[in-house]
Amino acid sequence: MTTHAQTKTDDRAAGQVLTQRIQDRVDDLTRPSTTREHQPVWNRAKGRFDHRPHVVEHPSLVEQLERAVGGTTGPSNSAGAYESKPAARMDALDALTSMKAEAARVVSYLLREQPRALVPNLQLLAARAHDLDADDLRYVDALVLGWWGRARVTTGWDSPAWRPHVRCMACDRLDSLRVRTEPLVAACLSCGAAWDASNIGILGNHIQIALADPIDQTDTRDAAS
Ligand SMILES: [Zn+2]
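Residues numbered from 1 in each chain as written. Predicted model: local features only at pLDDT ≥ 70, side-chain atom pairs only at ≥ 80, totals over all residues.

A look at the overall build of the chain
Part 1: From N to C terminus, the chain includes six helices and five strands.
Part 2: Helices (α) and strands (β) of the chain occur, in sequence order from the N terminus, as α-β-β-α-α-α-α-β-β-β-α.
Part 3: Here the chain holds 225 residues, and the buried ones make up 27% of them.
Part 4: Residue pairs in contact within the chain that sit at least 24 positions apart in sequence constitute 49% of those at least 6 positions apart. (Helix = DSSP H or I, 4+ residues; strand = E, 2+ residues; numbered from the N terminus. Buried ≥ 20, exposed ≤ 12 C-beta atoms within 10 Å, placed from the backbone. Contact = placed C-beta atoms within 7 Å.)

Points about helix α5 (residues 134-154)
Part 1: End to end, α5 covers 30 Å across 21 residues, agreeing with the expected 30 Å (1.5 Å per residue, within 8%).
Part 2: In the stretch just after α5, G156 is the one whose phi turns positive, near 65°. (Expected span 1.5 Å × (residues − 1).)

So, the pairing of strand β1 (residues 33-43)
Part 1: Little of β1 sits inside the fold, with zero of its 11 residues counted as buried.
Part 2: Looking at chain direction, β1 and strand β2 (residues 48-58) are connected through 11 bridges and run antiparallel. Each bridged residue has a counterpart across the sheet, and for E37 the counterpart in β2 is H54.
Part 3: Here β1 folds back onto β2 in antiparallel fashion, the turn holding four residues, of which G47 has a positive phi close to 65°. (Pairing = 2+ DSSP bridges.)

Considering the packing of helix α3 (residues 86-109) against α5
Part 1: It is at 9 Å that the axes of α3 and α5 come closest, and there the two elements cross at 160°. Relative to α5, the element α3 is oriented roughly antiparallel. Between α3 and α5 lies a crossing of left-handed hand. Together, A88, D91, A92, A95, M99, E102 and V106 of α3 and V140, L143, W147, R150, A151 and T154 of α5 make up the contact between the two elements.
Part 2: Each residue belonging to the contact of α3 with α5 can be placed in one class, and the counts come to nine nonpolar, one polar and three charged. (Axes fitted to C-alpha atoms, helices over the stretch in contact; angles between N-to-C directions. Parallel < 35°, antiparallel > 145°, perpendicular 65-115°, else oblique. Left-handed = near helix turned anticlockwise from the far one by under 90°. Nonpolar A, V, L, I, M, F, W, Y, C, P; charged D, E, K, R; others polar.)

So, the nonpolar core
Nonpolar side chains tend toward joint burial in soluble globular proteins.
Part 1: Ranked by internal contacts, the top residues of the largest apolar core, which has 42 residues, are L29, L65, L125, V140, V144 and A186.
Part 2: The element contributing the most residues to this core is α5, with eight residues.
Part 3: Composition of this core by domain shows at least three residues from each of domain 1 (15-31 + 53-72 + 85-160) and domain 2 (161-212).
Part 4: Setting aside residues no more than four positions away along its own chain, L65 makes contact with A92, A95, L96, A151, T154 and T155. (Core = buried A, V, L, I, M, F, W, Y, C linked by C-beta atoms within 7 Å. Domains from an automatic or database assignment.)

Things to note about the sheet that holds strand β3 (residues 177-180)
Part 1: The three strands lie next to each other as β3-β4-β5, forming an open sheet whose pairing is antiparallel. What marks the edges here is a single partner per strand, and that holds for β3 and β5 (194-196). On average, adjacent strands in this sheet sit at an angle of 10° to one another, irrespective of strand direction.
Part 2: With four bridges joining them, β3 and strand β4 (residues 185-188) adopt antiparallel strand pairing. Within β4, the residue paired with V179 across the bridge is A186.

Some points on the pairing of β4
Part 1: The alternating pattern of β4 places V185 and A187 on one face and A186 and C188 on the opposite face, and all of these are buried.
Part 2: Counted between consecutive antiparallel strands, the loop separating β3 from β4 contains four residues, among which E182 sits at a positive phi close to 55°.
Part 3: A loop of five residues connects β4 with β5, the two strands running antiparallel in sequence, and G192 in this loop sits at a positive phi of about 85°.

Quick word on the environment of G15
Part 1: Along the chain, G15 falls in helix α1 (residues 2-30).
Part 2: Between the C-alpha atoms of G15 and A134, which are 119 residues apart in sequence, the distance is 6.9 Å.
Part 3: Excluding residues that lie within four positions of it along the chain, G15 makes contacts with A134 and L137.

Details of α3
Part 1: Taking 1.5 Å per residue, 24 residues should reach 34 Å; α3 reaches 35 Å between its end C-alpha atoms and fits that length.
Part 2: Every buried residue belonging to α3 is among D91, A92, A95, L96, M99, A103, V106 and V107, and all of these are buried.

Quick look at the structure:
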């Protein structure tokens, strides 16, 4: 009889992990963030570069997608340093469009609420995640991973995501996978499947096998005439 209570406690703990993960990813999607970076500053007296910490502000991922779609990327006087590329723009548009439709759909049929705009829909989903049963919670967690992962690999094309030359494990499309680190995420631009640190091992093995050199048979026999 303690096992039943233990199972319930475990379920609740697992649920809390998912609820928190959903909240964190929705925060990345909907809220601006800051990072602390180090800028090299030339120190004339000492004849060397000093590293001065400074705070960099980043728009939310949704905002970055919207800017990419609109072709405006930051202040107008930034001299076109982030000239939008048509392909990146299409990827951002696809990511935004499918996220909007999917978020509205789950708000309507899981939460039984009237869908609103994308950002309030995402925030509502995160706020109400703890009310969902275990199956629905796992489903929403997977959806949010897909939105967050796809937004992360399609934004920030000043430092493009890694594109392994392999097929997607989910849809078999070649060259559609994108990978970003810190935190680790891979997403397919074709079917929207996504992997995070908890399950990327499967994808990692797949990429490793796909990228491995084909077995070289030329060195076993002489090429003479
Ligand atoms: Zn795919």
